[in-house]
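Report on the structure
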Amino acid sequence: MPSTALVTAADMAYWTGRPIGTIWRWASEGRITVHGHGKAARYDLMEVEPAKRDADTHEIKAAAPAPPIKERPHAHAA
């Protein structure tokens, strides 16, 4: 069974080392799944890699790479 860890956009931004706007863009592009909407929207940490951080200072060494765009189902012509 797949596990999920739903968090806010701010939490996802910290996890990935990316700005919140990038998280919103990834969601709009279909790279990550949005659960809910508006201020109640949550994102699954398990869908993205964490940023690489310094073990002592927690400074970002490398931000997480952008996840691939998920294939969306295509409508079949009737």
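Residues numbered from 1 in each chain as written. Predicted model: local features only at pLDDT ≥ 70, side-chain atom pairs only at ≥ 80, totals over all residues. Heavy atoms only, no water.

**Some thoughts on helix 2 (residues 20-29)**
Which entries qualify depends on this criterion: Accessible area is worked out with a 1.4 Å probe on protein chains only. A residue is then buried under 20% of its type maximum, exposed over 50%, and partly exposed in between. Helical segments are the DSSP runs of H or I of at least four residues, strand segments are the runs of E of at least two, and each set is numbered from the N terminus. It is the directions from the helix axis to the C-beta atoms that the arc portrays.
Within helix 2 the residues assigned to the buried category are T22, I23, W26 and A27. For helix 2, the arc enclosing every buried residue in end-on projection is 140°, short of the 170-degree limit, so these residues lie on one face. Turned more than 90 degrees away from the buried face of helix 2 sit W24 and S28, all of them exposed. Just downstream of helix 2, G30 is the residue with a positive phi angle, here 85°.

**Some points on the pattern of salt bridges**
Where we set the bar: The salt bridge definition used is simple: a Lys or Arg side-chain nitrogen within 4 Å of an Asp or Glu carboxyl oxygen.
Using the criterion set out here, one finds three salt bridges in the structure. In this structure, E29 and R25 form a salt bridge, with 3.2 Å as the shortest nitrogen-oxygen distance. Placement of the pair is E29 and R25 together in helix 2, with a separation of four residues, close to one helical turn. You can call R25 partly exposed: its relative accessible area is 39%.

**Some points on unusual backbone geometry**
With phi around 65°, H58 is a residue other than glycine that occupies positive phi space. For H58, the location among the structural elements is in the loop between strand 4 (52-53) and strand 5 (60-62). In this structure H58 comes out as partly exposed when scored by relative accessible area, which is 46%.

**Some remarks on the confidence of the model for the protein**
Keep in mind that low pLDDT regions are not for reading the predicted coordinates in detail. The line we're drawing: By definition, pLDDT measures how confident the predictor is in each residue, and it falls between 0 and 100.
With 88% of its residues at a pLDDT of 70 or more, the protein shows a mean pLDDT of 90. Per-element averaging of pLDDT across the protein places strand 2 (residues 34-35) at the bottom with 95 and helix 1 (residues 9-16) at the top with 97.

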